[in-house]
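Next come the chains, spelled out residue by residue.
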Amino acid sequence: NIANKRETVEDDVLLAQRLVDEWGRGFVAEADYLHEAKNTAAFTAAMLRRNLSAVTSPQVITEHSTSKVLVTEWVDGTRLDLDASPDVPRLCAVAINAYLTMLLDTGVLHCDPHPGNLLRTRDGKLCILDWGMALDVPSDLQYSLIEFIAHVNGEDYEAMPQDFVNLGFTPPDQLERVRNSNLTEGLSFVLRQLSQGGGSKKMSERVVDEWRDRYGAELSVEELRAKAREEMQAKMTAQLASEGVDVSAVSNVMDEMQKRNREMFRVPPYILYVTRAFSTLEGIGLSANTDYSLVQEAFPYLSQRLLTDDSPRAKAALRSMIYGRRSNSLGKLIDMSEGFTKYTSATSSSMPNMQGAQDQLVDVVLSAEGGYVQELLLEEAAKLVDAVVRDRIGQASSSPVAQQLGNFLRAPKRLADAITRPAIQIVPQASRLIDPLTAPARWLDELADVVPSLSRQSADDKQMLESFDTVWQRLSPRADEGAASTLPLSLRPPPAADALLEQLSDPDSQLRTKLPVLGRLSRRFGATLLRRVAQRLEADGAAPAVRPLAKSVSRGLVQPARSAAKLIEPQLRSAEQSQTDAAALSTTR
């Protein structure tokens, strides 16, 4: 505060005390070697339970260790940042996944990951040394961090003020002030730069490039900085004015905003350890890859965690990530499945194991017990089928034959109107006699509108079809692009069909073991689709411009569709029943 010529307030003193106390706790704990031995052994056991065999820690020789002496096995390896082996980039990914697992799952974070404590062993594993300084991370904080990372990935910036409260950065009584601030715009800019990787150097270069695009390419870096400061000052002034502050009486807008920011934000002590750990890992990653991105490297772990965690907070985070701002939900699901496979392959052993990773993904998607991921996939599939059917109906309705049929059905009413309208204009009471006579013509006219009225395409339908086309092109074999891309979606060959048939023909494949599940899964899909059809028909029938016959048809179809969904919906299997099915299938083979 003295250096910045800023007044020291009571909150500053309290923060300093908390930070010093936290550092003191860490230093005292680091001097207790039995505490370090416990952390070391617990880490290795936790990683093995999670099948993360690519990372380990030294084995503790318990009988020779005391609170003043720690004895472990000798680890034969080299510092990760100095090793020239071709698998170092993979081990950097292993390190990130291991630290995310500690932070967000096991709840004990290694807080001293300097390069000397990260070794590449001779057999290609990552060994983490020196477990004296560790941070206990409670479950509530873990889920708050997961939610924040998911919101960052899904660009759900509106949810972040609540994240800051949950993470301890913002006092609860300051939540509305944070929501009303211009925080979202600044966050989106910073996080967009961070996600592109390259560390602070390349981030600075990108910021200057954006300034040039905004303020003028002919300006020097100093002039660009001055322009950016001017724009920031103008936004701060506008923000203060929107809060009812008389900006003409404020001598220094920057100082006033800093004061307000100090009221809205604080630094929780745990963040020091988290920042230290992951900034060190980023430095090691940048030494192996100058475009290394910590945000991108965290995606595989986040995918694996959210696709396998059925807790309510994880489900909400997954939905935010998939359906976030400007998100292609189908594309995001594909990205997450690839992230899941990448995580499992990279961390399960010292060598990548893609087949094992794919088998685990099949277990998640085709689980007999259902699960939230399966539910989301069924919802997306039902949306896609609904959108395709409506698209086909729309195309059929605009065909010459359909147009002729529509004109044919509307012709009697047009003729009746032409004949009766002059009489009704002269004698309005005549409509009481004429209306019953022309009722069949009106019914035929309404009949022509029933199908178009109950099958209108929404913007979401069009977006779903565009998303599916994008995903299809991404997954389809390159060799088939020329022939397949000209076919309608429903007639194109499925992507990777050969690999799927190969899996089904192999009696020992993971997919074959899931055959008993597929029947129940198809019934779940049928029920999901029927519920969606009923929901859409109900909404279409309630639209203001829909005519009476279409409303009646809608009401007549909605309840049968929902009843059919209940009828075919299978009961989810328990874990024990699933094991019995698998054993029976194995015996049959």
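Shown above is the structure to which this text applies.
So, here is what we can say about the structure in this document. As the structure is a prediction and not an experimental result, all values here were calculated from the model. (Residues numbered from 1 in each chain as written. Predicted model: local features only at pLDDT ≥ 70, side-chain atom pairs only at ≥ 80, totals over all residues. Heavy atoms only, no water.)

**Points about the overall build of the chain**
So, point 1. If you tally the helices and strands in the chain, you get 26 helices and six strands.
So, point 2. Every one of the 589 residues in the chain was classed for burial, and the buried ones make up 41%.
So, point 3. Sequence-distant contacts, at least 24 apart, represent 69% of the contacts inside the chain between residues at least 6 apart. (Helix = DSSP H or I, 4+ residues; strand = E, 2+ residues; numbered from the N terminus. Buried < 20%, exposed > 50% of the residue type's maximum accessible area, 1.4 Å probe, protein only. Contact = heavy atoms within 4.5 Å.)

**Considerations on the nonpolar core**
So, point 1. Formed by 61 residues in total, the largest nonpolar core has its most connected members in Val-55, Tyr-99, Leu-126, Ile-128, Phe-278, Leu-306 and Leu-318.
So, point 2. Grouped together as the second largest cluster of nonpolar side chains are nine residues, Leu-454, Ala-534, Leu-549 and Val-558 included. (Core = buried A, V, L, I, M, F, W, Y, C linked by side-chain atoms within 4.5 Å.)

**A short note on the pairing of strand S4 (residues 118-121)**
So, point 1. Residues of S4 alternate between two faces, with Leu-118 and Arg-120 on one and Leu-119 and Thr-121 on the opposite face, all of them buried.
So, point 2. Pairing between strand S2 (residues 77-79) and S4: three bridges, direction antiparallel. The residue bridging Gly-77 from the neighbouring strand is Thr-121, located in S4.
So, point 3. Judged from the three bridges that link them, S4 and strand S5 (residues 126-128) form a sheet pairing that is antiparallel. Opposite Leu-118, over in S5, you have Ile-128 as the bridge partner. (Pairing = 2+ DSSP bridges.)

**Topic: the sheet that holds strand S1 (residues 55-56)**
So, point 1. Taken together, four strands build an open sheet; the order of strands is S1-S5-S4-S2 and the sheet is mixed. Each end of this open sheet is capped by a strand with a single partner; those strands are S1 and S2.
So, point 2. Against the sheet, helix H3 (residues 88-106) makes contact with S1, S4 and S5, and its axis sits at roughly 45° relative to S5, the strand it touches most. (Axes fitted to C-alpha atoms, helices over the stretch in contact; angles between N-to-C directions.)

**Let's talk about the packing of helix H4 (residues 139-153) against helix H5 (residues 160-167)**
So, point 1. Relative orientation of the contacting elements H4 and H5 amounts to 155°, with a least axis distance of 9 Å. As the angle between them shows, H4 and H5 are arranged roughly antiparallel. Handedness of the H4/H5 crossing: left-handed. Where H4 abuts H5, its residues Leu-141, Ser-144, Leu-145, Glu-147, Phe-148, His-151 and Val-152 lie against Met-160, Asp-163, Phe-164, Asn-166 and Leu-167.
So, point 2. Partitioning the contact of H4 with H5 into residue classes produces seven nonpolar, three polar and two charged. (Parallel < 35°, antiparallel > 145°, perpendicular 65-115°, else oblique. Left-handed = near helix turned anticlockwise from the far one by under 90°. Nonpolar A, V, L, I, M, F, W, Y, C, P; charged D, E, K, R; others polar.)

**Things to note about unusual backbone geometry**
So, point 1. If you check the backbone angles, Asn-51 has positive phi at about 60° while not being a glycine.
So, point 2. In this fold, Asn-51 is placed in the loop between helix H2 (33-49) and S1.
So, point 3. The partly exposed category is assigned to Asn-51, whose relative accessible area is 49%.
So, point 4. Look at Glu-155: it is not a glycine, yet its phi comes out positive at around 55°.

**Points about the packing of aromatic side chains**
So, point 1. Under the criterion given, the structure shown has six aromatic pairs.
So, point 2. Relative to Phe-278, the ring of Tyr-99 has its centre 6.4 Å away and its plane inclined at 75°; by these criteria the two rings are edge-to-face. Here the residue Tyr-99 occupies a position in helix H3, and Phe-278 occupies one in helix H11 (residues 270-288), the gap between them amounting to 179 residues.
So, point 3. Judged by its relative accessible area of 0%, Tyr-99 falls in the buried class.
So, point 4. Take Phe-278: its relative accessible area is 10%, and that puts it in the buried class.
So, point 5. Centre to centre, the rings of Phe-164 and Phe-169 are 6.3 Å apart; their planes meet at 75°, and the pair counts as edge-to-face. (Phe/Tyr/Trp six-rings, centres within 6.5 Å; stacked < 30°, edge-to-face > 60°.)

**A look at the packing of H3 against H4**
Between two packed helices, both the angle of their axes relative to each other and the distance between the axes serve to describe the pair.
So, point 1. Two numbers describe how H3 lies on H4: the axes approach to 8 Å, and their chain directions differ by 125°. On the basis of their axis angle, the class for H3 and H4 is oblique. Taking contact as the criterion, the partners of Leu-103, Leu-104, Asp-105 and Thr-106 in H3 are, on H4, Gln-142, Leu-145, Ile-146 and Ile-149.
So, point 2. Its residues placed into classes, the contact of H3 with H4 shows five nonpolar, two polar and one charged.

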